[in-house]
Amino acid sequence: MNKATKKWIIVLLTAGLLGGVIPEGQLASAETVYTYKDETSSLSIVGSNIKIDGEHVVWRGNSGKLRGQIFYGNTRTGQTQAITTHGKMTDSPNVGINGKGEATVVWIDKRNDSDDAVNLNWDVYSYNVSTKKETKLNQNTGQNSTPSMDVNDVVWQTFPSYTMSLYNLATGTLTDLGLGRDPVVKNGRVIYKGGEDGDLYEYSIATGKHSKIVDLPYTEYVARFVYNGEEVLWMQSDLDGRGKYTYIDLSSSNPKPVDLTKPVKRGQYEYVEMSISNGTAVWLEASGDTPIMRAVDLKSGQTYSLGLTKPTGFIGFNGDKLAFVNNGKLVSREIIRTEKTDSPPASGGTQTDYTVIGPSGGVAAKGQAVRLEFDQGTFESDTRVTLEKISNIHSDQLPKGLSWTGVAWKWTADAKLMKPASLTFELEQSLNNADMANRAGIYRFDESSGRWVYCGGTVDALWKTVHTKVQEPGLYGIFLYSPSFKDINGHWAKKEVEVLASRWIVNGMENGAFEPGQPVTRAQFAKMLVQAAGLEVKSTDRHSFHDVPADHWAADWVEQAAAAGWIKGYEGGLFKPSAPITRAEMMVMLANAAGLQKDEQSDSLAGYKDAGLVRDWAKPSVQATIKSGLIKGNGDRLNPGATSTRAEAAMVIYRWLAMKGEVFND
């Protein structure tokens, strides 16, 4: 009996019509509505490199005594077992069904070699779950990698020669396939990247012949791909650092590549996970440092979101259902497509749509234009959520420097939100340049004050969607803020200061100046860090420092930074909020907030003449910020004891945002 527990999450993900936007006032007769149903298995998975085939799952464990070993699980029986227990390094598990219908696991490990960083050799193994028989497949000694399995065929590549090998589980025969990279076997075909170029090839196991299926210009190449037996999805990159998603259907009579996205600059936060199955392609798309599952209907070209996930939890399609791990449990997501026909509104009235969100969470959306995602526990009972498009914003409500992009929606909820929701807007056209993307944000209209209030906003790598967390229903829109200061024209940090000011991380003085050379206090820098991180600031009864009472202007920000473990005070429970922050103190706070890995053995201080002035308590953080590029010295000096200026603080915060993929450069 299936032990899976079903958890139904109904979401509305309405895709925009292919070929343009419906003119204002014109009502579409029908549209495709995407919903999904989630089934959560009782099978617990604590690991990474997860692969699935039907009811069979494998992964590389990352906890306990068997950390780094290969595990197998069965969603039907709930069975879990460790395939390897030798304690040496393992990697790249895969699972399939052999010619006898038996689950078989393949992987690579170093049981026969030392697993230190110097030794790069890996062996390929298979394990029959039914017979419990383990077999070493490779005969060579080398860097064997990423085995792929289908029925009785197992294929892998060997570095650095880029040679491919094919092993038959039924006969035990091993075949040299020649040069190639990243081979994947399905339906009697091996798809691989060229060993000497960036094109895609196929090898027919039946005929033993190789042929090219994608021939690219020398300036372009296939960065990575997935193959399901008929369709191939890949990231196609060029020498200018741009990339696009493309696919080909090999089952068609005349297979030709089809572009799914336009070429865009590949960002720092880029995810390799993607999958394709029966007319649907899915990949993880960066939106700041948050991965979104982006889906495309290959027949219609319509795109839609399938929500958020962690890269380590994404598995891919298992048949027609999308598999991923959420909170240690395997989830199977069924995508449902229905045609929705809207009736025209009654004369003189307005059309009112709503979505019911239950305690388990869900999504309310209007096509791709706006989407509200509610986590489990946001509402205590079924709650009606409405969305209404707003066509006009009065310019007299906007302060100087604030301009409206034309996107505004009002949403309501019949109950109080117990936790924030995720609000995403999508523009009809991408923002024109990096400067506009850097200044875009989501604002809420505060009816009590009659002002638009900044709520944050992370722009995706395509400069087309903006998302943030919201707690209160109301009127929200996308605006561009272009502040200016009379004393930074020609200043080396002008761009960085203005971008941070457009996000309300830094502010100017009452006289219209920024005063870039003035020192930054410890409280001011703590506030900048919290705002740059997008942390929710709440009033609290906690008082970590005697000199930051509840009525101090920076109390909430200081307490938030202290709770996050970013800041520490002095003896006697003091924080010294008004003291100018030193460069060393700034680097410690920044390293903590950015979560940088601190290596006490790093040699990043070697090039600075005043490295000896860095105190021991600050040295790991100083080294980490230098190594990450967040901090750059003044020539051959760090000046760790000098105070930091407002311009310097703005620069390092800007670099941190850039490292997270939240600001852009043309």
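- Looking up the protein in an unreviewed UniProt entry gives the name S-layer homology domain-containing protein, with the organism given as Paenibacillus mangrovi.

**Thoughts on the overall build of the protein**
Right, so step 1: Across its full length, the protein carries 7 helices and 42 strands.
Right, so step 2: Counting the 666 residues in the protein, one finds 50% classified as buried.
Right, so step 3: In the protein, the share of contacts with a sequence separation of at least 24, taken over all contacts with a separation of at least 6, comes to 54%.
Right, so step 4: In the form shown here, the protein has an accessible surface area of approximately 31,200 Å², with 48% of it arising from carbon and sulfur atoms.

**Side note on helix H4 (residues 555-563)**
Right, so step 1: For H4, the full list of buried residues reads Ala 555, Val 558, Glu 559, Ala 561 and Ala 562. Looking down the long axis of H4, one finds its buried residues gathered within 160° of arc, a one-sided arrangement.
Right, so step 2: Lining the buried residues of H4 we find helix H3 (522-533).
Right, so step 3: Just downstream of H4 lies Gly 565, where phi reads positive at about 80°.

**A look at the nonpolar core**
Right, so step 1: Among the nonpolar cores identified, the biggest contains 60 residues, and Leu 500, Phe 525, Leu 529, Val 558, Ile 567, Ile 653 and Trp 656 are the most heavily contacted of them.
Right, so step 2: Among the secondary structure elements, those contributing two or more residues to this core are helix H2 (494-502), H3, H4, helix H5 (583-594), helix H6 (619-628) and helix H7 (646-659).
Right, so step 3: Look past the residues within four positions of Leu 500 in its chain and what remains in contact with it is Ile 505, Val 506, Met 528, Ala 650, Ile 653, Tyr 654 and Leu 657.
Right, so step 4: The next biggest cluster of nonpolar side chains, apart from the first, holds 30 residues, and it includes Ala 434, Val 459, Val 466 and Ile 478.

**Some remarks on the sheet that holds strand S5 (residues 56-61)**
Right, so step 1: Overall, antiparallel pairing links the 4 strands, which are arranged S4-S5-S6-S7 in an open sheet. Every other strand in the sheet has two partners, leaving strand S4 (47-53) and strand S7 (80-82) as the edge strands with one partner each. With direction set aside, neighbouring strand axes in the sheet form an average angle of 20°.
Right, so step 2: Across 5 bridges, S5 lies against strand S6 (residues 70-74) in antiparallel orientation. Bridge pairing links Arg 60 to Ile 70 in S6.

**Considerations on unusual backbone geometry**
Right, so step 1: With an omega of -10°, the peptide bond running from Phe 159 to Pro 160 counts as cis.
Right, so step 2: For Pro 160, the location among the structural elements is in the loop between strand S13 (153-159) and strand S14 (163-168).

**Considerations on the pattern of salt bridges**
Oppositely charged side chains can pair when the atoms bearing their charge come close.
Right, so step 1: Counted under the stated rule, the structure contains 21 salt bridges.
Right, so step 2: Residue Glu 285 is joined to Arg 294 by a salt bridge in which the shortest nitrogen-to-oxygen separation is 3.1 Å.
Right, so step 3: With a closest N to O distance of 3.6 Å, Lys 660 and Glu 662 form a salt bridge. As far as burial versus exposure is concerned, Lys 660 and Glu 662 are alike and both buried.
Right, so step 4: Sharing partners across several salt bridges, the network here consists of Asp 435, Arg 439, Lys 494 and Glu 498.

**Observations concerning the environment of Asn 138**
Right, so step 1: Within the secondary structure, Asn 138 sits in the loop between strand S11 (133-136) and strand S12 (143-150).
Right, so step 2: On the accessibility criterion, Asn 138 (3% relative accessible area) is buried.
Right, so step 3: Sequence-distant contacts of Asn 138, that is, excluding residues within four places in its chain, are made with Trp 122, Asp 123, Val 124, Asn 144 and Trp 156.
Right, so step 4: At 2.8 Å, the side chain of Asn 138 and the backbone nitrogen of Val 124 are in polar contact.

**A word on the confidence of the model for the protein**
Right, so step 1: Residues at a pLDDT of 70 or more form 89% of the protein, whose mean pLDDT is 86.
Right, so step 2: Within the protein, strand S17 (residues 189-193) carries the highest mean pLDDT (98), whereas strand S1 (residues 5-7) carries the lowest (33).
Right, so step 3: Scored below 50 in pLDDT, residues 340-352 shows 19 contacts in the model against residues more than four places distant or in partner chains.

**What about the pairing of strand S16 (residues 181-186)?**
Right, so step 1: Examined bridge by bridge, S16 and S17 share 4 bridges and lie antiparallel to one another. In the sheet register, Val 184 faces S17, and the bridge partner there is Ile 191.
Right, so step 2: From the end of S16 to the start of S17, which pair antiparallel, there are 2 residues, and Asn 187 there has a positive phi angle of about 50°.

**Description of the packing of aromatic side chains**
Right, so step 1: Overall, the coordinates contain 16 aromatic pairs when judged by the stated rule.
Right, so step 2: For the ring pair Tyr 443 and Tyr 454, a centre distance of 5.2 Å and an interplane angle of 65° mean the geometry is edge-to-face. Of this pair, Tyr 443 sits in strand S38 (residues 440-446) while Tyr 454 is found in strand S39 (residues 451-454), placing the two residues 11 residues apart along the sequence.
Right, so step 3: What makes Tyr 443 buried here is its relative accessible area of 1%.
Right, so step 4: Taking 5.9 Å as the distance between ring centres and 65° as the angle between the ring planes, the aromatic pair formed by Trp 463 and Phe 664 counts as edge-to-face. On the criterion of sequence distance, the pair formed by Trp 463 in the loop between strand S40 (458-459) and strand S41 (465-470) and Phe 664 in the segment after H7 is long-range, its members being 201 residues apart. Across the pair, exposure class does not vary: Trp 463 and Phe 664 are buried alike.
Right, so step 5: Each member of the aromatic cluster is reached from another via a ring pair, and the members are Tyr 443, Phe 445, Trp 452, Tyr 454 and Phe 479.
Right, so step 6: Between the NZ or CZ atom of Arg 646 and the centre of the ring of Phe 514, over which it lies, the distance is 4.2 Å.

**With respect to the packing of H3 against H5**
Right, so step 1: Where H3 contacts H5, the axes come no closer than 11 Å and their chain directions differ by 20°. Between H3 and H5, the angle falls in the class roughly parallel. With respect to the hand of their crossing, H3 and H5 are arranged in right-handed fashion. When H3 is examined against H5, the residues Arg 522, Phe 525 and Leu 529 are found in contact with a partner set consisting of Glu 585, Met 586, Met 589, Leu 590 and Ala 593.
Right, so step 2: Counted by class, the contact of H3 with H5 contains 6 nonpolar, no polar and 2 charged residues.

Quick notes on the rules
- Residues numbered from 1 in each chain as written.
- Predicted model: local features only at pLDDT ≥ 70, side-chain atom pairs only at ≥ 80, totals over all residues.
- Heavy atoms only, no water.
- Helix = DSSP H or I, 4+ residues; strand = E, 2+ residues; numbered from the N terminus.
- Buried < 20%, exposed > 50% of the residue type's maximum accessible area, 1.4 Å probe, protein only.
- Contact = heavy atoms within 4.5 Å.
- Areas by Shrake-Rupley, 256 points an atom, 1.4 Å probe, with all protein chains shown as cover.
- Arc of directions from axis to C-beta.
- Core = buried A, V, L, I, M, F, W, Y, C linked by side-chain atoms within 4.5 Å.
- Pairing = 2+ DSSP bridges.
- Axes fitted to C-alpha atoms, helices over the stretch in contact; angles between N-to-C directions.
- Salt bridge = Lys/Arg side-chain N within 4 Å of Asp/Glu carboxyl O.
- Polar contact = N/O pair within 3.5 Å; in protein donor to acceptor, adjacent residues only side chain to side chain.
- pLDDT = per-residue confidence, 0-100.
- Phe/Tyr/Trp six-rings, centres within 6.5 Å; stacked < 30°, edge-to-face > 60°.
- Lys NZ or Arg CZ within 6 Å of the ring centre and 35° of its normal.
- Parallel < 35°, antiparallel > 145°, perpendicular 65-115°, else oblique.
- Left-handed = near helix turned anticlockwise from the far one by under 90°.
- Nonpolar A, V, L, I, M, F, W, Y, C, P; charged D, E, K, R; others polar.

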